[in-house]
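Residues per chain, in single letters:
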Amino acid sequence: MRWKTLASRIGFSDQWLKYRIDTCQMPDGTIIDPYYVLEYPDWTAALALTEKQEVILIKIFRQGIGKTILELPGGSMDKGEYDAAETIRRELLEETGYQFDKIIKTAVVSPNPSNQSNSFHAFLAMGGKKVSEQKLDKGEEIEIVLTSLDEFRKILGENKLPQAMHVAAAYYGLEELGKLS
């Protein structure tokens with residue numbers, strides 16, 4: 001079933017997005033041209049719990065959908081970063097000001113395997129202690145929201161966490177905690 005890539009060229013590239021234009025041949029000989037592949041950096045997010053067992057959520061405006069939404073803390077792996085666990089530690093500290101005693105990788109999934117090349121790394125972070133103020137990137141405005149695990153499960157059940165990859169991270173984190181039933 002594997003396709004053969006006959007040619008490949010970059011259509012656009014910057015810090016956040018690259019798209020590739022491939023010419024592919026299917027096993028039956030059919031040529032697919034063009035086939036577009038989005039090359040994003042890998043992404044991370046964590047179900048993050050404070051030492052008091054509060055879930056740390058962020059409230060942030062997302063231009064793509066034009067709404068302010070709740071998300072889990074996380075972000076993209078920067079150029080030169082190869083360890084997703086180190087990326088999530090950095091992102092948690094920058095976005096929330098919390099450091100964590102324990103970080104567990106709970107899953108690696110593909111955001112959209114049909115036309116994206118990147119992976120999403122889900123984590124469970126436990127024992128969070130507030131150690132600094134936020135150190136936000138240019139263009140970030142983030143409000144911290146602390147909630148109980150029960151309230152977080154209610155947020156999930158009411159579809160109030162719209163970022164699909166974060167729902168996956170929440171699921172795997174809750175599974176690791178034994179809190180799905």
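For the structure given in this document, a descriptive report is provided here. (Residues numbered from 1 in each chain as written. Predicted model: local features only at pLDDT ≥ 70, side-chain atom pairs only at ≥ 80, totals over all residues. Heavy atoms only, no water.)

**A few points about helix α1 (residues 84-96)**
Alright, step 1. Under the 1.5 Å per step criterion, the end-to-end length of α1 is 18 Å for 13 residues, consistent within 8% with the ideal 18 Å.
Alright, step 2. Those residues of α1 not exposed but buried are A84, T87, I88, R90, E91, L92, E94, E95 and T96.
Alright, step 3. Where α1 begins, the capping side chain belongs to D83, and its oxygen is found 2.9 Å from the backbone nitrogen of A85.
Alright, step 4. Following α1 by one or two positions, G97 has its phi on the positive side, about 80°. (Helix = DSSP H or I, 4+ residues; strand = E, 2+ residues; numbered from the N terminus. Expected span 1.5 Å × (residues − 1). Buried < 20%, exposed > 50% of the residue type's maximum accessible area, 1.4 Å probe, protein only. Polar contact = N/O pair within 3.5 Å; in protein donor to acceptor, adjacent residues only side chain to side chain.)

**A look at the packing of aromatic side chains**
Alright, step 1. Going through the model one piece at a time under the given rule, you end up with five aromatic pairs.
Alright, step 2. Between W3 and Y35, the ring centres sit 5.4 Å apart and the planes meet at 85°, which makes this aromatic pair edge-to-face. Here W3 is found in the segment before β1 (4-13), whereas its partner Y35 is found in strand β3 (residues 31-39), with 32 residues between them in sequence.
Alright, step 3. The class of Y35 is partly exposed, set by a relative accessible area of 24%. (Phe/Tyr/Trp six-rings, centres within 6.5 Å; stacked < 30°, edge-to-face > 60°.)

**Thoughts on the sheet that holds β1**
Alright, step 1. Pairing within the open sheet is antiparallel, and its three strands lie in the order β1-β2-β3. Because the sheet does not close on itself, it has two edges, and the strands there are β1 and β3. Averaged over all pairs of adjacent strands, the angle between their axes in this sheet comes to 25°, without regard to strand direction.
Alright, step 2. In terms of strand pairing, strand β2 (residues 18-25) meets β3 through seven bridges, oriented antiparallel. Bridging from a neighbouring strand, D22 pairs with Y35 of β3. (Pairing = 2+ DSSP bridges. Axes fitted to C-alpha atoms, helices over the stretch in contact; angles between N-to-C directions.)

**Notes on the nonpolar core**
A general trend in soluble globular proteins is that nonpolar side chains are found buried together.
Alright, step 1. Judged by nonpolar contacts, the single largest core of 21 residues is most densely connected at L47, V55, L57, L72, F152 and L161.
Alright, step 2. Those elements giving two or more residues to this core turn out to be β4 (43-50), β5 (55-62), β9 (102-109), β10 (120-130), α2 (149-157) and α3 (164-177).
Alright, step 3. Those residues in contact with L161, other than ones at most four positions away along the chain, are L57, L70, E71, L72, F152, I155, L156, H166, V167 and A170.
Alright, step 4. I56, A84, Y98 and I103 belong to the second-largest nonpolar core, a separate cluster that totals twelve residues. (Core = buried A, V, L, I, M, F, W, Y, C linked by side-chain atoms within 4.5 Å. Contact = heavy atoms within 4.5 Å.)

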